[in-house]
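Topology and contacts: notes
Residue-level listing of the chains:
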Amino acid sequence: MKKQTKAIRTQAAKSQNREHSVPLYLTSSFAFESAEQGKALFDETEDGNIYSRFSNPNVTEFVDKVCMLENAEDGIATGTGMAAVFASMAALLKSGDHIVACRALFGSAHQIITQILSKWGITHTYLDATATEAEWEEAIQANPTKMVYLETPSNPGLELVDLTMLARLKAKYGFILNVDNCFATPILQLPIDLGADLSIHSATKYMDGQGRVLGGIVVGSKELIQPIRFFARHTGPSLSPFNAWVLSKSLETLELRMDRHCSNALALAEALDVHPDVALVKYPFLPSHPQYELAKQQMSAGGAIVTIELDGGFERVSAFFAALQIPTLSSNLGDSRTIVTNPNTTTHAKLKPEEKAALGITPGLIRISVGLEAIEDLIADFTQAIEKSADVVAATVVTADVVKENVA
Ligand SMILES: Cc1ncc(COP(=O)(O)O)c(C=O)c1O
């Protein structure tokens with residue numbers, strides 16, 4: 001059976017009411033039919049729900065679908081993507097361990113590694129996503145490097161990490177390869193098939209796809225998920241049944257939505273790429289992307305994020321955003337509605353100037369999370385806003401000329 005069919009047909013067992021749509025199990029605990037059953041559930045000689053911090057039918061349905069989509073044995077759902085990232089690190093690392101990570105990480109993952117894990121004696125080394133195999137090998141210290149953590153494609157630079165190359169190094173050094181697969185989704189990229197041990201999602205993004213609920217998930221082998229389950233069971237970052245219900249329903253349309261997201265993103269990237277007033281367009285499936293060949297190898301489509309750069313700095317960005325009619329200005333992504341973000345002043349504002357420079361985060365950089373609107377409307381809107389906001393650059397040039405004349 002195809003995954004698309006399974007994503008629609010996997011569901012919690014029907015109740016005596018024979019409902020077609022899965023009901024919401026809004027319950028904190030589950031009743032025992034006898035004292036013996038309570039004992040059996042706790043000593044794990046019987047499988048079943050006890051308390052929704054441990055498991056809940058809506059959450060289990062969501063986890064089962066993601067494991068199926070990711071070709072993973074087991075998984076744990078969490079209340080947010082960051083809870084999944086943190087649980088995967090806190091459960092599997094200990095004092096004295098070393099983590100190698102990509103520099104281009106979502107800001108909060110960066111903070112966990114530098115500000116939180118470091119308090120517990122877990123050290124780290126950052127590398128560029130585009131580092132060579134030799135550079136990765138140099139950063140990995142056979143012992144104590146316990147984990148390599150990365151996002152591919154990265155946010156907002158859309159740099160890719162070669163997962164097959166890292167799987168080769170993993171075979172040699174035995175670290176846990178932990179991949180945030182949020183930008184690609186299991187529809188476009190299967191990290192576990194490419195050699196990763198864990199695949200993580202902010203389900204808040206494409207898995208929900210309509211900007212409604214927060215959620216997270218980490219999937220992988222039973223052996224690695226078991227300690228993460230222990231950590232989650234006792235520290236309590238559980239996903240709510242309501243959010244799991246929403247997310248599980250959304251997975252029914254993930255493949256359909258990703259198809260449209262990707263075709264819209266490619267068409268918008270191509271249109272902006274030939275526009276003379278766009279300084280830079282980055283999209284993994286544009287032949288001008290420096291890692292186009294790798295993108296074609298490890299992803300089935302380019303995803304739904306396009307980054308562009310406009311000349312004229314923040315003033316230009318501000319005028320461009322004001323001229324746009326359709327997109328929302330927000331820091332989120334992965335919505336059916338197109339969203340534009342200026343990373344320099346929002347999501348990545350707290351980075352030091354040298355960190356921004358290393359990640360290519362300039363004042364004029366714009367991250368576009370391409371939605372599901374009609375592509376003709378998006379292209380027309382972006383084009384008119386680029387043209388309307390060009391006056392800012394012209395005005396800046398004129399002002400500069402006037403200043404020059406005055407000085408002269
Ligand atoms: C790549 C990536 N990973 C993780 C997260 C964190 O997810 P959440 O906001 O659901 O905690 C985000 C964004 O928020 C993200 O963009």
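Quick caveat, the model's predicted, so the values are computed rather than measured.

Turning our attention to the confidence of the model for the protein. Put simply, the protein has an average pLDDT of 95, and 96% of its residues get 70 or more. Low pLDDT, under 50, characterises residues 402-408; the predicted model gives this stretch zero contacts beyond four residues in sequence or across chains.

Another point: the UniProt feature "modified residue: N6-(pyridoxal phosphate)lysine" (unreviewed entry) in the protein. The UniProt record marks Lys205 with the feature "modified residue: N6-(pyridoxal phosphate)lysine" (unreviewed entry), using the residue numbering of this structure. Take Lys205: it is sitting in the loop between strand S6 (198-202) and strand S7 (216-220). Once residues lying within four places of it in the same chain are set aside, the contact partners of Lys205 are Cys182, Leu333 and Gly334.

Pairing in this open sheet of seven strands is mixed, and the strands run S1-S7-S6-S5-S4-S2-S3 from one edge to the other. Bordering the open sheet on either side are strand S1 (74-78) and strand S3 (123-127), each of which pairs with just one other strand. Strand-to-strand twist in this sheet, taken as the mean axis angle between neighbours without regard to direction, amounts to 20°. As judged from the five bridges shared by S1 and S7, these two strands associate in the antiparallel manner. From the neighbouring strand, Ala77 faces S7, where its bridge partner is Ile217.

This next bit is on the packing of helix H4 (residues 81-92) against helix H5 (residues 107-116). Between H4 and H5, the least distance of the axes is 10 Å, while the angle of their chain directions is 30°. With respect to their mutual orientation, H4 and H5 come out roughly parallel. Regarding H4 and H5, the two cross each other, and that crossing is right-handed. Within the contact between the two elements, H4 uses Met82, Val85, Phe86 and Met89 and H5 uses Ser108, Ala109 and Ile112. Among the residues forming the contact of H4 with H5, the class breakdown is six nonpolar, one polar and no charged.

The environment of the ligand is formed by 13 residues, the closest being Thr80, Gly81, Met82, Ser202 and Thr204. Residue composition of the shell around the ligand, by class: five nonpolar, six polar and two charged.

A few words now on the nonpolar core. By size, the foremost hydrophobic cluster in this structure holds 111 residues, and its most contacted members are Ala87, Ile99, Ile217, Val218, Ala265 and Val306. No other element matches H4, which puts nine residues into this core. Two domains each donate at least three residues to this core, and these are domain 1 (23-251) and domain 2 (254-407). Not counting the four nearest positions on each side in its chain, Ile99 is found in contact with Leu93, Ile113, Leu117, Ile122, His124, Lys146, Met147 and Tyr149.

Right, let's get into helix H13 (residues 313-323). Along an α-helix, residues three or four positions apart point the same way, because every turn accommodates 3.6 residues. Taken as a whole, H13 has its buried residues at Arg316, Val317 and Phe320. The arc that holds every buried residue of H13, seen down its axis, measures 100°, which confines them to one face.

Turning our eyes to something else, we now look at the pairing of S7. Within S7, five of the five residues are buried, which leaves it mostly tucked inside the rest of the structure. The side-chain alternation of S7 yields two buried faces, one formed by Gly216, Val218 and Gly220 and the other by Ile217 and Val219. As paired strands, S6 and S7 are joined by five bridges and run antiparallel to one another. Looking at the pairing, Ser199 lines up with Val219 of S7.

Now for the domain arrangement of the protein. One can read the domain layout of the protein as domain 1 (23-251) and domain 2 (254-407). One C-alpha centre belongs to domain 1, the other to domain 2; they are set 29 Å apart. Elements with a minimum of two residues in the side of domain 1 that touches domain 2: helix H8 (185-188) and helix H10 (241-251). No other element matches H8, which puts three residues into the side of domain 1 that touches domain 2. Of the residues belonging to the side of domain 1 that touches domain 2, the class tally is 14 nonpolar, eight polar and four charged.

As for its position among the elements, Ala87 is in helix H4. Taking C-alpha positions, Ala87 is 32 Å from Lys282, a pair spaced 195 residues apart along the chain. Setting aside anything within four residues of it in sequence, one finds Ala87 in contact with Ile76, Thr78, Val218, Ile228, Phe231, Ala232 and Pro237.

All right, on to the sheet that holds strand S11 (residues 339-341) then. The five strands are arranged S8-S9-S12-S11-S10 in an open sheet whose pairing can be described as mixed. Strands with a single pairing partner mark the edges of an open sheet, and in this sheet they are strand S8 (280-282) and strand S10 (328-329). Examined bridge by bridge, S11 and strand S12 (residues 365-369) share three bridges and lie antiparallel to one another. Bridged to Val340 within S12 is Ile368.

Attention now moves to the pairing of strand S5 (residues 176-180). Each regular strand shows side chains that alternate between the opposite faces of the sheet. Of all five residues in S5, five are buried, a share of seventy percent or more. Of the two faces of S5, both are covered, the one formed by Ile176, Asn178 and Asp180 as well as the one formed by Leu177 and Val179. A crossover links strand S4 (residues 145-151) with its parallel partner S5, the connecting element being helix H7 (residues 163-173), and its sense is right-handed. Pairing geometry for S5 and S6, over three bridges, is parallel. The residue bridging Val179 from the neighbouring strand is Ser199, located in S6.

Moving on: the packing of H4 against helix H9 (residues 222-235). Interaxial distance between H4 and H9 falls to 9 Å at its minimum, and their mutual angle equals 105°. On the basis of their axis angle, the class for H4 and H9 is roughly perpendicular. Every residue of H9 that contacts H4 at Ala87, Ser88, Ala90, Ala91 and Leu92 is listed here: Leu224, Pro227, Ile228, Phe231 and Ala232.

Turning next to unusual backbone geometry. With an omega of -5°, the peptide bond between Thr152 and Pro153 qualifies as cis. Mapped onto the elements, Pro153 comes out in the loop between S4 and H7. The linkage connecting Asn155 with the following residue, Pro156, adopts the cis geometry, with an omega of 0°. Summarising the element assignment, Pro156 is placed in the loop between S4 and H7. In this structure, Asn71 takes a positive phi of about 55° despite not being glycine. Topologically, Asn71 is positioned in the loop between helix H3 (57-70) and S1. Within the chain, Thr185 stands out as a residue other than glycine whose phi angle is a positive 65°. By secondary structure assignment, the location of Thr185 is in helix H8.

What counts, and where the lines are drawn
- Residues numbered from 1 in each chain as written.
- Predicted model: local features only at pLDDT ≥ 70, side-chain atom pairs only at ≥ 80, totals over all residues.
- pLDDT = per-residue confidence, 0-100.
- Contact = placed C-beta atoms within 7 Å.
- UniProt positions renumbered as here; feature names shortened; annotations may be inferred.
- Helix = DSSP H or I, 4+ residues; strand = E, 2+ residues; numbered from the N terminus.
- Pairing = 2+ DSSP bridges.
- Axes fitted to C-alpha atoms, helices over the stretch in contact; angles between N-to-C directions.
- Parallel < 35°, antiparallel > 145°, perpendicular 65-115°, else oblique.
- Left-handed = near helix turned anticlockwise from the far one by under 90°.
- Nonpolar A, V, L, I, M, F, W, Y, C, P; charged D, E, K, R; others polar.
- Near = placed C-beta within 6 Å.
- Core = buried A, V, L, I, M, F, W, Y, C linked by C-beta atoms within 7 Å.
- Buried ≥ 20, exposed ≤ 12 C-beta atoms within 10 Å, placed from the backbone.
- Domains from an automatic or database assignment.
- Arc of directions from axis to C-beta.
- Right-handed = clockwise from strand over helix to strand, strands pointing away.

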